[in-house]
Amino acid sequence: MRLVIIGGGILGTAHAVAAVDRGHDVVQLEREPEARGATVRNFGLVWVSGRSEAELDHALRARALWEKIAAEVPRIGFRPAGSLTMVRTPQELAVAEAAAAGSSAEARGFTLLEPERVRALNPALRGTFLAGLHCSQDAAVESRQALPALRDHLTATGRYAFHPATEARSVTDTESGATVRDDHGRTFHADVVLVCPGDAHNGLTRELVGAIPVRRVRLQMMQTAALGEPLTTAVADGDSFRYYPGYAGSALDTLNRDQAQTPTAAEHKMQLLCVQRLHGGLTIGDTHEYAEPFAFDVDEAPYQHLESVAEELLGRKLPPIVRRWAGTYSQSLDPDTIATRAQADRHVWVITGPGGRGMTLSTVIGEDTADLLDL
Ligand SMILES: Cc1cc2nc3c(=O)[nH]c(=O)nc-3n(C[C@H](O)[C@H](O)[C@H](O)COP(=O)(O)OP(=O)(O)OC[C@H]3O[C@@H](n4cnc5c(N)ncnc54)[C@H](O)[C@@H]3O)c2cc1C
């Protein structure tokens, strides 16, 4: 079969990987000269630790697929480095204890570590904390390298072509498939068209499937200069317990009731996540904004909060901040789905809405769509 995939982010690219793996031909269109949406703005975390019980199998399968892809495409920078969620109060410690004793703790690779064991695992953590919840299943990829690396790999099969700076303007279903028209006036015929537009819920997406049950979420991020030492695991703070469904339970209820977030963290719905890039710098975030219209500029107060939490955990000054940015992702409003798949016509599907777990789950979403369409 021949597929046209619209959208050059990780969701479109993961669908291309799944289809080419199954022997099909793929043409992928990206409206920008290089994708510049959520995928290249994210942490690159393949995050198993906080997933709900219902999502856990998907997340573990997705991680295994990332590892398999990395064996063929090392340039994606997959590292099974794990994570430490750092606990600084008794209420947070209770949530970590409950997680480490939970029924899925073994599947997630959870172990609760005292400060000396935290430092043995990740010597850069020389600051103040009560404990660290280690998750051996968490991993990371280099998001900005992954897209070109995967495309090069696909191109080498001879069954894949990428068209950058090419916006899909219309998709017309026909008896034998569907035809995509781009903004250069070219047409591409396919047996199946998959539209993976990220947060572009308007334009072509709306024309094809109307208003689908998704919303946009905006996050602020930053990047430091090289740390000068390895940060051997990804690091999260106890605020992250509040945002990940995997920690729900009475200990979390107590945390939410008895321990207020700092005003800045509460106002911007913040958690600390921190991962070291291959070049040594740290990617640090994040905030969550749900009400549109979103600000076009970044707000300084959340950065000061993130710097102070990171410095408290590291027990040192952060290297200079060299980049700041914001990104938006598309999040499905249905809590029971890992992505929104909407069929526009016989041969045309729109797939988006994986939310803040889209980098993690993209590999599984691509495979599941291929199964669903019997590719
Ligand atoms: C700041 C931030 C941090 C995150 N951190 C993580 C993380 O650590 N781990 C994790 O699992 N997830 C994370 N996420 C979520 C994850 O990044 C997204 O869910 C995922 O990247 C979505 O991929 P996508 O391909 O759907 O969207 P995108 O990457 O936005 O790609 C969509 C692409 O479609 C193109 N497009 C749209 N319309 C057209 C058209 N008509 N024609 C041609 N091209 C078109 C756009 O130009 C864009 O390049 C984060 C997200 C953000 C914003």
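Above: the structure in question.
Overview of the structure. Source: prediction; values computed, not measured.

This paragraph deals with the overall build of the protein chain. Helix and strand counts for the protein chain come out as 12 helices and 19 strands. In terms of C-alpha radius of gyration, the protein chain reaches 21 Å, essentially the compact-globule figure of 21 Å for 375 residues. With the C-alpha coordinates of the protein chain rotated into their principal frame, the extents come out at 65 × 40 × 40 Å. Across the 375 residues that make up the protein chain, the buried fraction comes to 57%. The long-range share in the protein chain, meaning contacts at least 24 apart out of those at least 6 apart in sequence, stands at 75%. Only carbon and sulfur atoms are counted for the fraction: they give 51% of the accessible area of the protein chain, which is about 15,300 Å². Measuring between centres, the 37 positive side-chain charges of the protein chain sit 4 Å from its 48 negative side-chain charges.

This paragraph deals with the pairing of strand β15 (residues 273-276). The two faces of β15 match: L273 and V275 on one face and C274 and Q276 on the other face are all buried. Pairing between strand β14 (residues 234-237) and β15: 2 bridges, direction antiparallel. Each residue of the ladder has a partner; that of A236, found in β15, is L273. Taken together, the 4 bridges between β15 and strand β16 (residues 281-285) define a ladder with antiparallel strand orientation. Following the sheet pairing, L273 is matched in β16 by G285. Between the end of β15 and the start of β16, which pair antiparallel, lie 4 residues, with G280 showing a positive phi angle near 100 degrees.

Here the focus is the pairing of strand β6 (residues 131-135). The buried fraction of β6 amounts to 5 of the 5 residues, a majority that puts the element mostly inside the structure. Burial along β6 is two-sided: the face carrying A131, L133 and C135 and the face carrying G132 and H134 are both buried. Where strand β4 (residues 83-87) lies against β6, 5 bridges are found, and the strand directions are antiparallel. Across the sheet, the residue bridging to T85 is L133, located in β6.

Count 3.6 residues to each turn of an α-helix, and residues three or four apart come out pointing the same way. Across its 20 residues, helix α3 (residues 53-72) extends 30 Å between first and last C-alpha, which sits within 8% of the 28 Å expected from 1.5 Å per residue. For α3, the complete set of buried residues consists of E55, L56, A59, A62, R63, L65, W66, I69 and A70. Elements that come into contact with the buried residues of α3 comprise α1 (10-21), β3 (45-46), α5 (105-108), β7 (139-140), α7 (143-155) and α12 (358-372).

To continue, consider the site of the ligand. Close to the ligand lie 38 residues; E30, T39, L45, G355 and T360 are nearest. Between the ligand and R31 there is a distance of 3.1 Å, counted from a nitrogen atom to a backbone nitrogen or oxygen. In the environment of the ligand, an oxygen atom lies 3.0 Å from a nitrogen or oxygen atom belonging to the backbone of A38. A total of 1,000 Å² of accessible area belongs to the ligand in isolation, and the protein chains cover 96% of it. Secondary-structure elements contributing two or more residues to the shell around the ligand are α1, α2 (38-41), β13 (214-226), β17 (321-332) and α12. Classifying every residue of the shell around the ligand gives 17 nonpolar, 15 polar and 6 charged.

Looking now at the packing of α3 against α12. Remark: α3 packs on α12, axes separated minimally by 8 Å, with the N-to-C direction vectors making an angle of 90 degrees. The pairing of α3 with α12 is recorded here as roughly perpendicular in orientation. Listed contacts from α12 to H58, A59, R61, A62, L65, W66 and I69 of α3 are M359, T360, L361, S362, T363, V364, E367 and D368. Class assignment of the residues belonging to the contact of α3 with α12 gives a composition of 8 nonpolar, 4 polar and 3 charged.

Definitions and cut-offs
Residues numbered from 1 in each chain as written. Predicted model: local features only at pLDDT ≥ 70, side-chain atom pairs only at ≥ 80, totals over all residues. Heavy atoms only, no water. Helix = DSSP H or I, 4+ residues; strand = E, 2+ residues; numbered from the N terminus. Rg over C-alpha atoms; globule rule 2.2 N^0.38 Å. Buried < 20%, exposed > 50% of the residue type's maximum accessible area, 1.4 Å probe, protein only. Contact = heavy atoms within 4.5 Å. Areas by Shrake-Rupley, 256 points an atom, 1.4 Å probe, with all protein chains shown as cover. Lys, Arg positive; Asp, Glu negative; His and termini not counted. Charge placed at Lys NZ, Arg CZ, Asp CG, Glu CD. Pairing = 2+ DSSP bridges. Expected span 1.5 Å × (residues − 1). Near = heavy atom within 4 Å. Polar contact = N/O pair within 3.5 Å; in protein donor to acceptor, adjacent residues only side chain to side chain. Nonpolar A, V, L, I, M, F, W, Y, C, P; charged D, E, K, R; others polar. Axes fitted to C-alpha atoms, helices over the stretch in contact; angles between N-to-C directions. Parallel < 35°, antiparallel > 145°, perpendicular 65-115°, else oblique.

Honestly, that's just the spatial picture; any functional story needs more than this.
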